[in-house]
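In case you want the letters, here they are:
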Amino acid sequence: MSQDLRHQLVHFDETDEGVLRLRGQLSIYTVSSAQERVARLDTQKDLTIDIGDLSRIDTAGAWLLCEIEAAGEAAGNRVTLQNVTGETATLLSSVKSAMPEKQVAVKTETGFAVLLHRLGEKVSAGTTFLLELTGYLGLFFVSLGRVIRHPSEFRFTSLVAHAEDVGYRAVPIVSLMAFLIGVVLAFQGSAQLRQFGAEVFVVDLIAISILRELGILLTAIIVAGRTASAFTAAIGSMKMREEIDAMRTLGLDPAVVLFLPRILALLFMLPILGLIANIMGLFGGALMAWIELGISPSMFRIRLIEGTDVSHVFVGLIKAPVFALIIGVVGCHAGMQVKSNAESLGRMTSNAVVTAIFTVIVADALFSIFFAQVGL
Amino acid sequence: MKDTSPKDVVIEVRGLRNQFGSHVVHEDLDLDVYRGEIIGVVGGSGTGKSVLLRSIVGLQEPAAGSINVLGTDVLADVHAARETLDEKWGVMFQDGALFSSLTVRENVEVPMRSVPDLSPSIRRNLADLKISMVGLPYLAGDKYPSELSGGMRKRAGLARSLALDPEIVFLDEPTAGLDPVGAAAFDTLIKNLSRSMGLTVFLVTHDLDTLYAVCDRIAVLAERKVLVTGSLEDMLKADHPWTREYFHGPRARAAFEAPTQQGDAGGAT
């Protein structure tokens, strides 16, 4: 039946008396062609339209008739409809009374000034964003101070649950990643160092790059992807369902209840994950060095202890708490920016991941410069 | 022109059975809806009012039974049924279910995009007309659903369900969550649109005022089936315990004894 609705046409017959007679259906399926036909009408004279032979008319058709009437009136002509039955009259009058008055929304300007304006807005939004992040960091420390003074307010169960989620469950993926990075480093390093007959230095290469940089940096990146997004999604969906507002009315501080356990869990877990990544990286490197260069595990161990200072481990792991703070604060902040629609939840989640990874890398670069300056 | 003889059955449900696991929601449920009427489906929470609506529009596959809408068997071939029926029915979900990434006008235009050869400027104008017909201001068309109040979202959802001038509209709790003034205005709107567009309206509701103001016929869902159907007077006479409690409770009395005759007010505007 829909097919015949779609394929019915509207016909225009002009009678000798200058009456325009419509046949067929005047509906949303035919309104486009009907309008093209109407546009060719002579607008300089009065018009009579006979709609008695129409088999069907819907609001789209009624809209067209109202438009013709309005256009005729604007040109100072009379438009008369003939043979309007009761039902069509009701439809026509309700469409006529509902005909929207066009209002022009505020026009958007274009040009150089607007571009400058937008640039300025972006810069100011960026500054506000940084200020807000700093504010959330401060909020974290304030709530930390509060629970130290009133330990009963602290949600210990929540901390353990988040620690399990953030730390324990991330162990397999972090281990696998670090192991493979160790393998890749050993493989690439041996290919290069073999040219100089300095194969044994592959141990130093692996140890220093993993312990100082890659172990903790890649762990932080994986955790940023895994955890920052989870924080944003969890807090954001609570924000969407007004749970955060409910908390506030119940006298619960979201900073203490939501942010603190999450960020603390990250703070405790990220160094542990970093340590696991270091061990797995060295293990992968040693395995590959053994297979590829014939450096036996015991020789790898001796070379590792002799050639690599233990300070490299500390230089690496000292970054972990900073990365943890960055990831946690960015995730919680993005969650609180979620508005009442689902779209903003998705956008803020991906924003959180991008911001967290970017900021972790910036912080890592700053650490490198700092350690180079102090000679560590 | 549309046939408005009252005995023309547009929705015919026979022996419907719906169950979730071992929980049977409907069993041997029969229901007829006639052309041009406004039928209100009432029932306690969990009696499967929304499930019935979802079954009829093909969103929920029943365990047994037959559903016939406008002469098409909905269950025989869901895909074919969708193709024929999608432009003949409109569904308004509880909170409007507008697409959040589109403006209100774009939302209303979505069903119209399936119409071949409809020029974009006409589509836009028709969307504006529908937005205005449901009583939204012109500039609301440019807004996103999240910028609208609950009542406006419902109106916008109704505008989208009316986009193709359907023969039947399904409304799921149209007045839930609206303030009394907004709910009364929505009742009037439904009644007027149904009269002027020759719509058959299938509405699921809890709102006694809505039942009183707009419904021609009421179907009571209880004990897994449609227990009684009939006019409000029939409901008041029915002697099933739940029906008695529902239509003779204090809130019902308040609704029916309200001084202003909302039904008449609706007809006049």
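Numbering of residues begins from 1 in every chain and follows the order in which that chain's sequence is written. Written order determines the labels here, with chains lettered from A and ligands numbered from 1. Predicted model: local features are reported for residues with pLDDT of at least 70 only, side-chain atom pairs are reported and counted for 80 or more only, and whole-chain, interface and lining totals are derived from all residues. In computing side-chain values, all of the structure's heavy atoms are included and hydrogens and water are not.

**Re the overall build of chain A**
Inference 1: Helix and strand definitions follow DSSP, with helices as H or I runs of at least four residues and strands as E runs of at least two, each counted in order from the N terminus. Tallying secondary structure elements over chain A gives 14 helices and four strands in all.
Inference 2: A radius of gyration in this sense is built from C-alpha atoms; the matching globule rule multiplies 2.2 Å by the number of residues raised to 0.38. Rg of the C-alpha trace for chain A: 36 Å, well past the compact-globule value of 21 Å for 376 residues, more than 25% over.
Inference 3: The principal-axis extents of the C-alpha atoms in chain A amount to approximately 110 × 60 × 50 Å.
Inference 4: Relative to its 376 residues, chain A shows a buried fraction of 44%.
Inference 5: For this analysis, residues touch if any pair of their heavy atoms sits within 4.5 Å. Looking at chain A alone, contacts between residues at least 24 apart form 81% of all its contacts between residues at least 6 apart.
Inference 6: Summed over its atoms, the accessible surface of chain A is roughly 19800 Å², and 64% of this surface lies on carbon and sulfur atoms.
Inference 7: His is not counted here, nor are the chain ends, while Lys and Arg score as positive and Asp and Glu score as negative. A charge is said to be at NZ when it belongs to Lys, at CZ for Arg, at CG for Asp and at CD for Glu. Taking the 29 positively charged and 34 negatively charged side chains of chain A as two groups, their mean positions are separated by 7 Å. Think of it in three bands: with a 1.4 Å probe and only protein chains considered, a residue is buried below 20% of the maximum accessible area for its type, exposed above 50%, and partly exposed in between. The accessible surface values rely on the Shrake-Rupley method and a 1.4 Å probe; as for residues, cover is taken only from the protein chains in view.

**Re the overall build of chain B**
Inference 1: Looking only at helices and strands, chain B has 11 helices and 10 strands in total.
Inference 2: Its C-alpha atoms give chain B a radius of gyration of 18 Å, within 12% of the compact-globule value 18 Å for 269 residues.
Inference 3: Structurally, chain B occupies a C-alpha span of about 55 × 50 × 40 Å along its principal axes.
Inference 4: Residues classed as buried in chain B amount to 53% of the 269 residues present.
Inference 5: Put simply, of all contacts in chain B between residues at least 6 apart along the chain, 66% involve residues at least 24 apart.
Inference 6: Of the charged side chains in chain B, 28 are positive and 37 negative; the average position of the first set lies 2 Å away from that of the second.

**Observations regarding the domain arrangement of chain A**
Inference 1: Split into domains, chain A comes out as domain 1 (3–98) and domain 2 (128–374).
Inference 2: One C-alpha centre belongs to domain 1 of chain A, the other to domain 2 of chain A, and the line joining them spans 69 Å. Bear in mind that the domain bounds are from an automatic or database domain assignment.

**Regarding a nonpolar patch on the surface**
Residues and elements named next belong to chain A.
Inference 1: Together, Phe112, Leu115, Leu116, Leu119 and Val123 make up an exposed nonpolar region whose accessible area comes to about 550 Å².
Inference 2: Assignment of secondary structure puts Phe112 in helix H5 (residues 112–149).
Inference 3: According to the relative accessible area criterion, Phe112 is exposed, its value standing at 64%. Patch membership is restricted to residues that have no salt bridge and whose relative accessible area is over 30%. Joining uses 9 Å for like charges and 5 Å for the nonpolar side chains Val, Leu, Ile, Met, Phe, Trp and Tyr. Any carboxyl oxygen of Asp or Glu that lies within 4 Å of a side-chain nitrogen of Lys or Arg is treated as forming a salt bridge with it.

**Side note on the pattern of salt bridges**
All names here are of chain A.
Inference 1: As enumerated under the stated definition, the model contains 25 salt bridges over all chains in all.
Inference 2: Between Glu243 and Arg241 there is a salt bridge; the shortest N-O distance is 2.9 Å.
Inference 3: Residue Glu243 is classed as partly exposed on the basis of its relative accessible area of 28%.
Inference 4: Taking the relative accessible area as the measure of exposure, Arg241 reaches 58% and is therefore exposed.
Inference 5: A salt bridge links Lys319 to Asp364; the shortest N-O distance between them is 2.8 Å. Here the residue Lys319 occupies a position in helix H13 (residues 319–336), and Asp364 occupies one in helix H14 (residues 342–374), the gap between them amounting to 45 residues.
Inference 6: Residue class for Lys319 comes out buried when judged on its relative accessible area of 1%.
Inference 7: On the accessibility criterion, Asp364 (7% relative accessible area) is buried.

**Re helix H3 (residues 59–74) of chain A**
Residues and elements named next belong to chain A.
Inference 1: In this model, H3 (16 residues) spans 22 Å end to end at C-alpha, consistent with the 22 Å of a helix rising 1.5 Å per residue.
Inference 2: Among the residues of H3, Thr59, Ala60, Gly61, Ala62, Trp63, Leu64, Leu65, Cys66, Ile68, Glu69 and Gly72 are the ones counted as buried.
Inference 3: Taking the backbone nitrogen of Ala60 as reference, a side-chain oxygen 3.0 Å away marks Asp58 as the first, capping residue of H3.
Inference 4: A positive phi of about 85° marks Gly76, the residue just after H3. Helix span is expected to be 1.5 Å times the residue number reduced by one. Polar contact is the term for a pair of N or O atoms within 3.5 Å; when the atoms are in protein, one must be able to donate a hydrogen and the other to accept it, and sequence-neighboring residues count only if both atoms are side-chain atoms.

**Topic: helix H6 (residues 180–197) of chain B**
All names here are of chain B.
Inference 1: For H6, built from 18 residues, the straight-helix expectation of 26 Å at 1.5 Å per residue is met to within 8% by its first-to-last C-alpha distance of 25 Å.
Inference 2: Turning to H6, its buried residues number three or more, namely Ala183, Phe186, Asp187, Leu189, Ile190, Lys191, Leu193, Ser194, Ser196 and Met197.
Inference 3: Following H6 by one or two positions, Gly198 adopts a phi angle in the positive range, close to 65°.

**A few points about the interface of chain B and chain A**
Inference 1: With 33 residues of chain B at the contact, the number on the chain A side is 34 residues.
Inference 2: Accessible surface is computed with a 1.4 Å probe, and the buried area is the amount of it that two parts give up when combined, taken over both parts together. Where chain B abuts chain A, roughly 3000 Å² becomes buried across the two surfaces, and 59% of that area is made up of carbon and sulfur atoms.
Inference 3: Where chain B packs against chain A, one counts zero salt bridges.
Inference 4: Applying the counting rule to chain B against chain A returns four residue pairs in polar contact (both at pLDDT 80 or more).
Inference 5: Under this grouping Gly is polar, as are all residues other than the nonpolar Ala, Val, Leu, Ile, Met, Phe, Trp, Tyr, Cys and Pro and the charged Asp, Glu, Lys and Arg. Across the side of chain B that touches chain A, the residue classes tally to 14 nonpolar, 10 polar and nine charged.

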